[in-house]
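Here is how the chains run, residue by residue.
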Amino acid sequence: MALLDGKYEIIEELSPEGFLRPYKVNSPEGRKGLLYWFEVHSPEARTAFHRYRNALKRLEGLEALPAGLEISTKPGRYYVFWPEKNRTPVKKTRLQKVLEALEPFGYTGADLEAADEGGRVLLTKLLPLAGFKAALPDAPGKDPPRVVSEPEIPAPAIQTSKPKIETARSAVAKLLRRPPASRGSRAEARKLIGIWAWLPGLVSALLGVWALSLGVSAYFNPPEYTMPDLVGKTVLEAAEAVRSMGLRVEFSEGSDPTKPKDVVLDQSPEPGTRVKPGRKLSLVMNKPKLGTVPTLSGRSLEDALNLLKLSGYAPGAISQAPASATEGTVLATVPAAGTPLSAGQPVKLLVSSGPKAVRETVLPDLAGLTQREAEYLLSVAELDPVILRVASGAPDGQVVDQDPKAGTLLPRGASVRVMVAVQPEAELPEGSPLAQTQVVQPELSTGRQTTVPLSLTLPTELEGSQVRVTVEDANGERVLFDGPAGPGWKFEQEVVVTGKATFRFYVNGQLYQEWSP
């Protein structure tokens, strides 16, 4: 299958015009379009291409070119690819700026096609040789081509000398109409006519040489751009940032679950590098992959760690518990097997320490786990969780304390008190000058559990203070709330106490109130 520049698949070759060969092609992205290929083997062809390219550069400043248009200036590969777009009618008045930009290059409204895209005028095609027909080698009957490659040399610059030429010729004609004075006068008139006859051609030739030198200089000294920092931008933002540089952009995929999807993770060349049109720009696009925790139960610890690494996860804390399984065998994981988890996240392991004659188990450390994770680990250790909800500055649902402490040897089936953080609602009654306590007066005795409903508020002048609420009963002292008291703070909770209990209310580290039911 024939390819242009090694990537454009030829669908149909259209009628050539001298050094211009148009093709219908498929782009590497699968988009159809029109590709104008220039056979640059002569100064006229080179000038025609650069004239066309300069016109497109002018349109690029107006943001009037479609996305996907490619201009190639590589030696031996001079072409412009126009992606195919649906043509929609555009009023002539909206093309005014485009026509003004193209006028110095010799293009008119008949040489272009445009479309309306989101309220913006975009050119869908511009005929390459419309402004340079005289440069075609097979154009019979045309004047010799004028080599003009930049719009700064408009045709009127040559015409400015015509009035002077006509004035001089008129003077010569008047001189010839005078009465014959002498042969010397007629000879002088003929000499003057000869001078003005070749002067316009000389001026045109000098201007042509100057324009050609500018075109050659632009070809051998293309502009340089400073590569911007594209890391962290979306793919569309990165492509827009380098659209005017004429770079060849190539994408590859990477995975970083900590960053948003479709942002640039890496680029080459590095930011700050000086680049020229046609250079390759490689961008790594983020496509984060979300896997699942593998099944590790029943495997040896070594095998489990290797499998975690192959699955893209990191080993977390490793806890041990007596079990009938061989010592070093994985009993469970947190999160559990099959749970969706981003690559690179840690997975905690519970490992057997071997069977014991006495049916006892070591209580694992539950602090920092979620309630669900703590219940799961206790069930594997054959312990009975008792969940107590306490107000705390910790995230809602996180284990803040446990009783007994981690490492305690317990018989199978023993109860473990697990304190889980909750966030109480904050509602401040208006006109409340002091902290209010409403405590039910139950009958308390040593060893008996009782539920005490508790309600606390703060005066408005103490809002924003650091508040700490504790209770001390037969089981010792524990914290019910510890954190800042924002506007409208209110603490309400039913507290289970054993035996006689003492509640303490601290504000900014100072004891604010103490009471016992």
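Conventions adopted
- Residues numbered from 1 in each chain as written.
- Predicted model: local features only at pLDDT ≥ 70, side-chain atom pairs only at ≥ 80, totals over all residues.
- Heavy atoms only, no water.
- Helix = DSSP H or I, 4+ residues; strand = E, 2+ residues; numbered from the N terminus.
- Contact = heavy atoms within 4.5 Å.
- Areas by Shrake-Rupley, 256 points an atom, 1.4 Å probe, with all protein chains shown as cover.
- Buried < 20%, exposed > 50% of the residue type's maximum accessible area, 1.4 Å probe, protein only.
- Arc of directions from axis to C-beta.
- Polar contact = N/O pair within 3.5 Å; in protein donor to acceptor, adjacent residues only side chain to side chain.
- Core = buried A, V, L, I, M, F, W, Y, C linked by side-chain atoms within 4.5 Å.
- Pairing = 2+ DSSP bridges.
- Axes fitted to C-alpha atoms, helices over the stretch in contact; angles between N-to-C directions.
- Salt bridge = Lys/Arg side-chain N within 4 Å of Asp/Glu carboxyl O.
- pLDDT = per-residue confidence, 0-100.

All right, on to the overall build of the protein chain then. Per the secondary structure count, the protein chain includes 8 helices and 29 strands. Contacts in the protein chain between residues far apart in sequence, at least 24 positions, make up 64% of those at least 6 positions apart. As presented, the protein chain carries roughly 28500 Å² of accessible surface, and 53% of it is formed by carbon and sulfur atoms.

What follows covers helix α8 (residues 371-380). When α8 is considered as a whole, its buried residues turn out to be Gln-371, Ala-374, Leu-377 and Leu-378. For α8, the buried positions fall inside an angular range of 130 degrees around the axis, keeping them on one side. Following α8 by one or two positions, Glu-382 adopts a phi angle in the positive range, close to 60 degrees.

Along the chain, the position of Ser-465 falls in the loop between β24 (449-457) and β25 (466-473). Side chain to side chain, Ser-465 and Asn-508 meet in a polar contact 3.5 Å long. Beyond its immediate sequence surroundings of up to four residues, Ser-465 is in contact with Gly-483, Pro-484, Ala-485, Val-507 and Asn-508.

Let us look at the nonpolar core. Within the largest apolar cluster, 32 residues are counted, with the highest numbers of intra-cluster contacts made by Phe-38, Tyr-52, Leu-59, Trp-82 and Leu-126. If one sorts the elements of this core by residue count, helix α1 (residues 43-61) sits on top with 7 residues. Ignoring sequence-local partners within four residues, the contact set of Leu-59 consists of Ala-64, Leu-65, Val-98, Ala-101, Leu-102, Leu-123 and Leu-126. Leu-454, Val-469, Phe-481 and Phe-491 belong to the second largest nonpolar core, which has 20 residues in total.

Right, let's talk about the sheet that holds strand β20 (residues 384-391) for a bit. Spatially, β20-β23-β21 is the arrangement adopted by the 3 strands of the open sheet, whose pairing is mixed. Here the strands that pair on one side only, and so sit at the sheet edges, are β20 and β21 (399-403). Taken pair by pair, the neighbouring strands of this sheet meet at an average axis angle of 25 degrees, ignoring direction. Contacting β20, β21 and β23 (415-422), α8 crosses the sheet at an angle of about 160 degrees to β20.

Okay, the sheet that holds strand β26 (residues 476-484) next. Hydrogen bonds between backbone groups are what pair the strands of a sheet, and the pairing can be parallel or antiparallel. The strand order across the open sheet built from 4 strands is β26-β25-β28-β29, with neighbouring strands paired in antiparallel fashion. Here the strands that pair on one side only, and so sit at the sheet edges, are β26 and β29 (510-515). Strand-to-strand twist across the sheet, computed as the mean angle between neighbouring axes with direction ignored, equals 20 degrees. Here β25 pairs with strand β28 (residues 502-507) via 6 bridges, running antiparallel. Within the sheet, the bridge partner assigned to Glu-472 lies in β28 and is Thr-502.

Let us look at unusual backbone geometry. Here Ser-268 and Pro-269 are connected by a cis peptide whose omega angle stands at 10 degrees. Inspection of the secondary structure assignment puts Pro-269 in the loop between β11 (264-268) and β12 (274-275). The step from Asp-403 to Pro-404 runs through a cis peptide bond, and the omega angle for that step is 5 degrees. Its location among the elements puts Pro-404 in the loop between β21 and β22 (409-411).

Time to look at the pattern of salt bridges. Between side chains of opposite charge, a pair can form when the charged atoms approach closely. According to the stated counting rule, one finds 23 salt bridges in the structure shown. Overlapping salt bridges bring together Glu-472, Glu-477, Arg-504 and Glu-514 as one network.

Let us look at the pairing of β25. The pairing of β25 with β26 spans 8 bridges and is classified as antiparallel. Bridged to Val-467 within β26 is Gly-483. Where β25 folds back on β26, the antiparallel hairpin that results is connected by 2 residues.

A few words on the side chain of Lys-490. The residue Lys-490 is located in strand β27 (residues 490-498) in this model. A polar side-chain atom of Lys-490 sits 3.1 Å from a polar atom in the side chain of Glu-492.

Moving on: the confidence of the model for the protein chain. A residue-level look at the protein chain finds 79% of positions with pLDDT of 70 or above and a mean pLDDT of 80. Counting interchain partners and residues more than four positions distant, the pLDDT-below-50 stretch residues 134-166 has 45 contacts. Counting interchain partners and residues more than four positions distant, the pLDDT-below-50 stretch residues 425-446 has 57 contacts.

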